[in-house]
Amino acid sequence: MGRSMVKSDILVIGGSGAGVMSAVTASREGAEVVLVSKGKVGKNGNAIMLGGSFGVDGQGARDVCGEADANQEYTAESLFEKMVACAFGLGNQELQKRFVEDGPYAVKELLHWVKECGSTFVFAPKACRWRAGGVAFGRALKRGLESQKEIPVYEDIMVSDLLTRDGKVCGAIGFNVYTGEIIEFRAKSVIMATGGWQPYELKNTNSDMTGDGIAMALRAGAKVKDMEFLLAIPTIQEPLYAKGSILPFQMTMPNIFPLRHKATDLDGKELPYSSEPRFKTNASNSKVKKLLYCAFYAPGMYEKWDTYGNRFYMDYSAYTDEEIRDGFRTFYENQHWWHGKDKYHHIDLQQLAEDMIANGKRLMCGFGNEYSMGGIVVNEKFETDIPGLYAAGEVTGGLFGAFRSGDGLTEMLANGLTAGKNAAVYAKNAADLEPANLDKAEEFLVGPRKKSQGVSAIEAWKKLEQISEEGFGFVRDGRRLQLAYDHIRELRASLDQLAAPGADQYNLEWINSVIIRNLALCTEIGIYSALNRKESRGCHLRMDEQQVDNENFLFSWLAELKDGELVYEKEVPIPTYLPLDTRNYPSVLDCIAETILKGEMS
């Protein structure tokens, strides 16, 4: 098990949108940049499973991105106001302002890469959104990185910890998953762009959301916030070959899939979705339907949670067999630019249609976690509390508060644009530092390799998923959360005994020993924050505390590690540009109708 060293001005950790944009921007500022990725750049991370769209305001789409037909009624001001409202009061308004202002310039850069690599992105003028596929996005990212030929890329590297000295970040340590070689990365500045986290067995699109960057930043001294807020959308449970696909949510969009479903529990009892005009959405706020589905279906699913858990049916029995087959043909025609004949990603759509028909014209679904709102605390420069450490994309917290209304793809690109520039400025004036925690970080990494017997990281991960599914799902109550908190504390304590015997080369137990410690840390914070938020807000739906209680809970839970123990504090949001809504609401649904969808009935 050898060790090598790589030096640079800036180390970017993460190979998707935020990482690539950060690296390219920093390199253009004259910094010597190294990018390290857990997988292959352009082929890893959640972005490769992109199946929807992303956008900016109308003027930005027209004047910056060159879309002449962009809807000018969708103003930057209305986008900002929507983001503030959808955050349920917890969003950082400085970050939201940056998102609106930087988004068009970051998207313009991406569209240039798209054109150069020959990918297809389709613009919808009314909504000011581009539709794309994950493979097309991945090719564009790879092209963007190649445009700056001086950026060395280290792929298939599992980074385990940040290196620090005197409270400043000066690099990271990790290992090559295929050779086992340990690599010490030295840098004057580090940009964390590792994406979010999700602790569930039902994985929405893929399993890359393991919280690595969030946990590494915590161990280095950073703070995190809003970890109880996890966005869930309808996701396939069965058939198993399609499990995890976000097809069900796409099938709720009439312009993509023409059939309308009826939702039922597994006994056939309907899960009603209100047709009241106050819940009507339009093109500019359609993303709130993700939260509406959760909130409307939650009570009925909660009643039988002990029996069926996170499962419900999307029922299409009102349609003939041929209408269902035609519905999937229409779906394919709306997606054909990015997928093989009659496929959506790896799923054969006509086979899925036949399986649905054979299953009583029903599709078994659950709510899969699409995005995590919480993450590393940053300011408008995407600096953390630790000098030299920056963060961009889903790994950060504060932009979306309790619910993500904006686009994750726009976020990662816009954040990367700013983080790269500011990290380059910092690096120009920073000294090379000798890490003080190198031996400790290396011991943390290789410790499980020294044990021939002990706790299996793979089995511990399965246990974490079970704990989360049972007590920390998209629908919650205090009793289940308390049990989940007790169990995750026990699980984290057991991880001191992780063992990863075997070869150095692609040792799954060793790889997962890094992941499970990170994911368990994130999960404990998320469960604690949910347990102690005795209300419902955004994506935090408690059946025993259904009110949105702005009088007592208009704050974010912050967490940090002190002497190895988690410490929590409250952070009250600052109304930098718009005042905070301090009214209480009987439920999340009432809050959505009165604050997000107000005036949309006409």
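Naming follows an unreviewed UniProt entry, where the protein chain appears as Succinate dehydrogenase / fumarate reductase flavoprotein subunit of Enterocloster citroniae.

Asker: I keep staring at the pattern of salt bridges and nothing clicks. Help me out?
Answerer: Between side chains of opposite charge, pairing is possible as soon as their charged atoms come close. A full pass over the atoms with the stated rule returns 43 salt bridges. Arginine 480 serves as the salt-bridge partner of aspartate 306, at 2.7 Å between the closest nitrogen and oxygen. Of this pair, aspartate 306 sits in helix H9 (residues 305-308) while arginine 480 sits in helix H15 (residues 478-494); the two residues are 174 residues apart in sequence, bridging distant segments of the chain. Among the ionic pairs, arginine 329 bridges to glutamate 322, the shortest N-O distance being 3.1 Å. Of the residues examined, arginine 329 reaches a relative accessible area of 35% and is grouped as partly exposed. Judged by relative accessible area, which is 38%, glutamate 322 ranks as partly exposed. Here the salt bridges do not stand alone but share partners, grouping Arg3, Glu184, Arg186, Glu434 and Glu442 into one network.

Asker: What am I meant to see in the pairing of strand S2 (residues 33-36) here?
Answerer: On any regular strand, side chains alternate: one points to one face of the sheet, the next to the other face. Alternating positions in S2 separate into two faces, Val33 and Leu35 on one and Val34 and Val36 on the other, with burial throughout. Pairing analysis gives four bridges linking strand S1 (residues 3-13) to S2, with the strands arranged parallel. The residue bridging isoleucine 10 from the neighbouring strand is valine 33, located in S2. Both S2 and strand S6 (residues 153-154) contribute to a ladder of two bridges, which runs parallel. Note on S6: the bridge partner recorded for leucine 35 is valine 153.

Asker: So what exactly am I meant to see when it comes to the environment of aspartate 208 here?
Answerer: Along the chain, aspartate 208 falls in the loop between strand S9 (182-192) and helix H6 (212-220). For aspartate 208, a relative accessible area of 27% gives the class partly exposed. Along the chain, aspartate 208 and lysine 38 lie 170 residues apart, while their C-alpha atoms are 9.1 Å from each other. Aside from chain neighbours lying at most four places away, what touches aspartate 208 is Lys38, Asn44, Gly45 and Asn46.

Asker: Looking at this structure, I do not really get the sheet that holds strand S10 (residues 224-225). What am I missing?
Answerer: Strands belonging to one sheet form pairs held by backbone hydrogen bonds; the direction of such a pair is parallel or antiparallel. The strand order across the open sheet built from five strands is S19-S17-S10-S22-S23, with neighbouring strands paired in mixed fashion. Pairing within the sheet leaves two strands with one partner each, and these edge strands are strand S19 (396-397) and strand S23 (565-571). Across seven bridges, strand S22 (residues 556-562) lies against S23 in antiparallel orientation. Within S23, the residue paired with tryptophan 557 across the bridge is lysine 570. Packed on one face of the sheet, helix H16 (residues 508-531) meets S10, S22 and S23 and runs near 45 degrees to S23.

What counts and what doesn't
Residues numbered from 1 in each chain as written. Predicted model: local features only at pLDDT ≥ 70, side-chain atom pairs only at ≥ 80, totals over all residues. Heavy atoms only, no water. Salt bridge = Lys/Arg side-chain N within 4 Å of Asp/Glu carboxyl O. Helix = DSSP H or I, 4+ residues; strand = E, 2+ residues; numbered from the N terminus. Buried < 20%, exposed > 50% of the residue type's maximum accessible area, 1.4 Å probe, protein only. Pairing = 2+ DSSP bridges. Contact = heavy atoms within 4.5 Å. Axes fitted to C-alpha atoms, helices over the stretch in contact; angles between N-to-C directions.

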